[in-house]
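Observations on chain architecture
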Amino acid sequence: MDGAKAWSALSLEPEQIQTPDDDPEVLWNQYFRRQRLLSDIVRGEMHPDDLLDCMLEDNISPDDYLEDMEFALAGMV
């Protein structure tokens, strides 16, 4: 799997998860919050479980995300 496909599976950008009833501004704010959390995790300033808790708050299934992440990372090896 190339980097673009892996990023698509892992980033959860608003265009990927938006439904007709969603407010795009809210989705983008949630997205940028998750990106800041990922940055903190990479720097070792936050535990990865905090990102999963944030996803639950944003109505994103952590289990589905982890499954997609596993698939994307396996494809990069």
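Residues numbered from 1 in each chain as written. Predicted model: local features only at pLDDT ≥ 70, side-chain atom pairs only at ≥ 80, totals over all residues. Heavy atoms only, no water.

Moving on, we come to the nonpolar core. One recurring pattern in soluble globular proteins is that nonpolar side chains are buried together. Judged by nonpolar contacts, Leu-12, Leu-37, Ile-41, Leu-51, Leu-52, Cys-54, Met-55, Ile-60 and Tyr-65 together constitute the single largest core of nine residues. Of all elements in the fold, only helix H3 (24–42) and helix H4 (48–57) reach the threshold of two or more residues within this core. When residues in this core are grouped by element, the largest group, four residues, is from H4. Once residues within four sequence positions are removed from consideration, Met-55 is found in contact with Leu-12, Arg-34, Ile-60 and Tyr-65. (Core = buried A, V, L, I, M, F, W, Y, C linked by side-chain atoms within 4.5 Å. Buried < 20%, exposed > 50% of the residue type's maximum accessible area, 1.4 Å probe, protein only. Helix = DSSP H or I, 4+ residues; strand = E, 2+ residues; numbered from the N terminus. Contact = heavy atoms within 4.5 Å.)

A few words now on a negative patch on the surface. A grouping of Asp-63, Asp-64, Glu-67, Asp-68 and Glu-70 is seen on the molecular surface, where their side chains present a negatively charged patch. Structurally, Asp-63 is set in helix H5 (residues 62–76). For Asp-63, a relative accessible area of 61% corresponds to the exposed category. (Patch = residues over 30% accessible without salt bridge, like charges linked within 9 Å, V, L, I, M, F, W, Y side chains within 5 Å. Areas by Shrake-Rupley, 256 points an atom, 1.4 Å probe, with all protein chains shown as cover. Salt bridge = Lys/Arg side-chain N within 4 Å of Asp/Glu carboxyl O. Lys, Arg positive; Asp, Glu negative; His and termini not counted. Charge placed at Lys NZ, Arg CZ, Asp CG, Glu CD.)

Everything listed here is a matter of coordinates, which is why it stays silent on function.
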